[in-house]
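# Structure at a glance
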Amino acid sequence: MSVGIVVVSHSRALADAAIALAGEMLQDDGGAIEVAAGLDDGGLGTDAVAISEAVTRADEGDGVLVLMDMGSAVLSAELALEMVDDDVRERVVLSSAPLVEGLVVASVSAAGGAPVADVAAEAADALLAKAGHLGPSEPAEAAEPERGAPAGDAPDERRGVFTVSPAHGLHARPATRLVQALRGLDAEVRLRNATLDGPEVSALSLSKVATLGALQSHEVAVRAHGVDASEAVRRVLELADEGFGESAEPAPSAGPAPEDRGGRRPIPASPGIGIGPVRVARSAAVTVPAARPGSPSEQRDRLDDARRRSRDELRTVRTTAAREIGEPEAAIFDAQLLLLDDPDLLAGADARIGAGADAAQAWAEALDEGERGFAGAADEYLRARAADVRDVRDRVLRALGGTAEPDAAPDGILVVDDLVPADAAALDPARTPAVVLAAGSPTAHAVILLRARGVPAVVGVGAALVARARAATLLVVDGTTGEVLVDPDEPTLTAFRERADARERRRGDALRRADEPAVTRDGTTVLVGANVGSVADARAATGADLAGLVRTEFCFLDRQQAPDVDEQEASYRAIAEAMAGRRITLRTLDVGGDKPLDYLPMPHEANPFLGVRGIRLALARPQLLADQLRAIVRVAHDHPVDVMFPMVAGIEELTAARAALDEAVEAVGRGRPADLRVGIMVEVPAAALKAAAFAGDVDFFSIGTNDLTQYTLAAERGNDELAALADALDPGVLALIAATADRAGDEVLVAVCGELAGDESAVPLLVGLGVRELSVAPGAAATIKEAVRAVDLGEARALAAEALACPDAGAVRALLAR
């Protein structure tokens, strides 16, 4: 017996010629050399089934070396190994050696009786003689290797090593940044988890990168070859040095459930009371549709069309999320969009189609394999990302004709570990009295969607409480206080039903009085506005005194170029008309490195949340700002308009922005609109502390409590592990709100447009701190007005003073619940 060899090539003629050349070097029969090359119809391509059969024929017990010509031949060979018996698979080596030279030396080595490891090593070194004779392909003065990237085995190869610093390792978000950074380079880049001594994977495949199992402090080896190899390794090492834009706080170790860790309690996330049976979510499996006849080319066209429609569907969901909860949170869908075009997943599907599978079967099998890779990861965070792959799989299968099994679960309170934004966006409030999440944060994208839809929710309850809740007959959930009661006794149930009835009565009263002003018991008027991102939002703003925040990003999303002045004017005018004479506050474009636009490329930033975004980006792109301000000025001549600049930290930024506004007024040529007012977002602690310096140049401040909380507490919004810390009721955040109000003076209005403004229990506190405008979700204006009417200003000021003296957010919440 001897080592068998299999030649895998896209071309049968090339394979036959290579075998003939190798035969010239042998004195006798060099053992089994099998061929799996070309397609049955004579065309170019590789067939996984043919490769598996060739491997079986070549195996004589001493091992098999497989040589491949390029790219997809490797993927077909990997797929073929899944089709052979386990004992055969263990003896097979897939070689990265060059096909012709590798085959020649491997044939000689195998004929000499060398074991398969030695044959593979000889093949891998097949180019050394040629390289030694010709010398390096670059000039003698060639550039030195990049730091940490010494030259590799091939002349155009570069290598490097980095240590993983993000707390959750190379999970979906840093993996997405890595893949995006390498796109467009002429280089093949491979990564290997050196700590685990794992296999190499393509750095251009999101699914493969995330399955490296690279956790915090693991070392990852980088290997690249091609024209841009040096640049590719440089980008990877630079991203790694910057922590992929992620937190480097030590990753939490596996341990007790959250509610057992430091006494963490459930977090109220969306107000309201829900009472009902438990509805335990289960995935609605999408069936793989029956195979449809067609050639491989026709099957590939079917798959491409289904992916295109799925991409359009995901972009629609992303746009809705960006409008309702903001662009940073909507970026969660970018990873799923990347999965639709993941080269490894596509290659797996393509290989299966080439082997005879129809489009749906090929896609399902390829994505199932990708999902298993995530599900088998050592890190819990990575295992959770398998759901993203499953979602992409099912979307495309539905587009190919697959159907989802009906969810037979009855109406009731939804109890789940976590909720993805797409599911939150599709939730039917009529079927779901409330939602209970084991994980989650009040500022997470899915939870903000629940609030926008009026679904009560409590998050961060932990695994133990979720397990009890799933086994319950009846649940009571109070999204205002954070209470979750499992199978309550009759007196308790009666008390909560009375509480829910009272809330509904208050809501009914609020709707009947929605158009009346919100005036405290002692005569202080507080404006209540709506946060809107579309004409539909403006129309839904029942009772709102104004549009306190118009997210103009909706004009700039899902397009190939920025909207011109006329298009922006039409969009802003439509919202103004929908508000029927009520003032609208147009926030200028708020994007940046953390939420880039396709047509507005941004350089990579180590921490985009602290980078060029908001007003910083606008001033760096003066034409973009000029066009937007001209559109705003045009509308302001016919409707009451406020213009608001985001992310302002220094007086020089406001001065430059106001100068740009003056230029826009001059360009429009109709003078300054009489009702045009100017304000800034207070999202940066420095802006709050310097409010007195800004006050002479603005008509109002609008405090964005979501970002202000994030920056004040150094706690990323949406990070489940920091949910209890990232609380806008922290006394530190409240002190900044108070500082803004104290330093604004009597002539400058102070508003709050973050999520805290929509918390009914926080209304007295905010009024007591000096806030005189609250801007909330369109459907919440009426109830917030009613909350204002219950406030006594003297009592509210006393409450604010007491809250500022509290040690933490928990104490403030307890104070508000008294």
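We now turn to the structure provided with this report.

## Structural notes on the overall build of the protein chain
The helix and strand tally for the protein chain stands at 34 helices and 24 strands. Out of the 818 residues belonging to the protein chain, those deemed buried represent 53%. For the protein chain, restricting intrachain contacts to residue pairs at least 6 apart in sequence, the fraction spanning at least 24 positions comes to 70%. When the accessible surface of the protein chain is split by element, carbon and sulfur atoms take 51% of a total near 34000 Å².

## Quick word on the pattern of salt bridges
One pass over the structure, following the stated rule, counts 52 salt bridges. Here Arg 352 makes a salt bridge to Glu 365, at a shortest N to O gap of 3.2 Å. One end of the pair, Arg 352, is in helix 14 (residues 343-354); the other, Glu 365, is in helix 15 (residues 359-375), with 13 residues separating them in the sequence. Judged by its relative accessible area of 32%, Glu 365 falls in the partly exposed class. Salt bridges sharing partners connect three or more residues here, namely Glu 157, Arg 159, Arg 190, Glu 200 and Arg 223.

## Some details on the packing of helix 21 (residues 490-512) against helix 32 (residues 781-789)
It is the contact of helix 21 with helix 32, at a shortest axis distance of 8 Å, that shows an interaxial angle of 100°. With respect to their mutual orientation, helix 21 and helix 32 come out roughly perpendicular. Residue-level contacts link Arg 506, Arg 507, Asp 509, Ala 510 and Leu 511 of helix 21 to Ala 782, Thr 783 and Glu 786 of helix 32. Per-class residue counts for the contact of helix 21 with helix 32 are three nonpolar, one polar and four charged.

## Observations regarding helix 23 (residues 565-578)
Compared with an ideal rise of 1.5 Å per residue, which puts 14 residues at 20 Å, helix 23 spans 20 Å between its outermost C-alpha atoms and is within 8% of the ideal. Every buried residue belonging to helix 23 is among Val 565, Gln 568, Glu 569, Tyr 572, Arg 573, Ile 575 and Ala 576, and all of these are buried. Down the axis of helix 23, the smallest arc covering the buried residues is 160°, so these residues share one side. For helix 23, exposure combined with an orientation more than 90 degrees from the buried face picks out Asp 566 and Glu 577. Residues of helix 23 that are buried sit in contact with strand 17 (527-532), helix 22 (535-539), strand 18 (546-551), strand 19 (584-587) and helix 25 (622-636). At the N-terminal end of helix 23, a side-chain oxygen is found 3.2 Å from the backbone nitrogen of Asp 566, two or three residues along, and the residue is Asp 564. Once helix 23 finishes, Ala 580 follows within two positions and takes phi at roughly 50°, a positive value.

## Describing the sheet that holds strand 15 (residues 475-478)
The strand order across the open sheet formed by three strands is 10-15-16, and the pairing between neighbours is antiparallel. Two strands bound the open sheet, and with one partner strand each, they are strand 10 (273-276) and strand 16 (483-486). Across the sheet, the mean angle separating the axes of adjacent strands is 5° when strand polarity is ignored. When strand 10 meets strand 15, the two strands line up antiparallel, connected through four bridges.

## Some points on the nonpolar core
Ranked by internal contacts, the top residues of the largest apolar core, which has 101 residues, are Phe 701, Ile 737, Leu 765 and Leu 774. A per-element tally of this core places helix 25 first, with eight residues. Once you skip the residues sitting within four places of it in the chain, Leu 765 turns out to touch Leu 729, Leu 734, Leu 799, Ala 800, Ala 803, Val 812 and Leu 816.

## Digging into a nonpolar patch on the surface
A surface patch of nonpolar side chains, amounting to about 200 Å² of accessible area, comprises Leu 14, Leu 21 and Val 100. Checked against the element boundaries, Leu 21 lands in helix 1 (residues 12-24).

## Some thoughts on the environment of Arg 158
With respect to the helices and strands, Arg 158 occurs in strand 5 (residues 157-163). You can call Arg 158 buried: its relative accessible area is 8%. Sequence separation between Arg 158 and Arg 234 is 76 residues; the distance between their C-alpha atoms is 9.5 Å. Side chain to side chain, Arg 158 and Ser 230 meet in a polar contact 3.2 Å long.

## Things to note about the sheet that holds strand 23 (residues 749-752)
Overall, parallel pairing links the eight strands, which are arranged 17-18-19-20-21-22-23-24 in a closed barrel. On average, each strand axis in the sheet is inclined to that of its neighbour by 25°, with strand direction left out of account. The pairing of strand 20 (residues 641-645) with strand 21 (residues 677-682) spans four bridges and is classified as parallel. Residue pairing across strands places Asp 642 opposite Arg 677, the latter belonging to strand 21. Helix 23 contacts strand 17, strand 18 and strand 19 of the sheet and is inclined by roughly 155° relative to strand 19.

## What to know about the packing of helix 5 (residues 99-111) against helix 6 (residues 116-124)
Running from N to C, helix 5 and helix 6 point in directions that differ by 150°, and their axes come no closer than 8 Å. Compared by their axis directions, helix 5 and helix 6 come out roughly antiparallel. Every pair of crossing elements has a handedness; the one defined by helix 5 and helix 6 is right-handed. Seen from helix 5, the contacting residues are Gly 102, Val 105, Ala 106, Ser 109 and Ala 110; seen from helix 6, they are Asp 118, Val 119, Glu 122 and Ala 123. Here the contact of helix 5 with helix 6 is composed, by residue class, of five nonpolar, two polar and two charged.

Here is what the cut-offs are and how they apply
Residues numbered from 1 in each chain as written. Predicted model: local features only at pLDDT ≥ 70, side-chain atom pairs only at ≥ 80, totals over all residues. Heavy atoms only, no water. Helix = DSSP H or I, 4+ residues; strand = E, 2+ residues; numbered from the N terminus. Buried < 20%, exposed > 50% of the residue type's maximum accessible area, 1.4 Å probe, protein only. Contact = heavy atoms within 4.5 Å. Areas by Shrake-Rupley, 256 points an atom, 1.4 Å probe, with all protein chains shown as cover. Salt bridge = Lys/Arg side-chain N within 4 Å of Asp/Glu carboxyl O. Axes fitted to C-alpha atoms, helices over the stretch in contact; angles between N-to-C directions. Parallel < 35°, antiparallel > 145°, perpendicular 65-115°, else oblique. Nonpolar A, V, L, I, M, F, W, Y, C, P; charged D, E, K, R; others polar. Expected span 1.5 Å × (residues − 1). Arc of directions from axis to C-beta. Polar contact = N/O pair within 3.5 Å; in protein donor to acceptor, adjacent residues only side chain to side chain. Pairing = 2+ DSSP bridges. Core = buried A, V, L, I, M, F, W, Y, C linked by side-chain atoms within 4.5 Å. Patch = residues over 30% accessible without salt bridge, like charges linked within 9 Å, V, L, I, M, F, W, Y side chains within 5 Å. Left-handed = near helix turned anticlockwise from the far one by under 90°.

No statement about biological role is implied by the geometric values presented.
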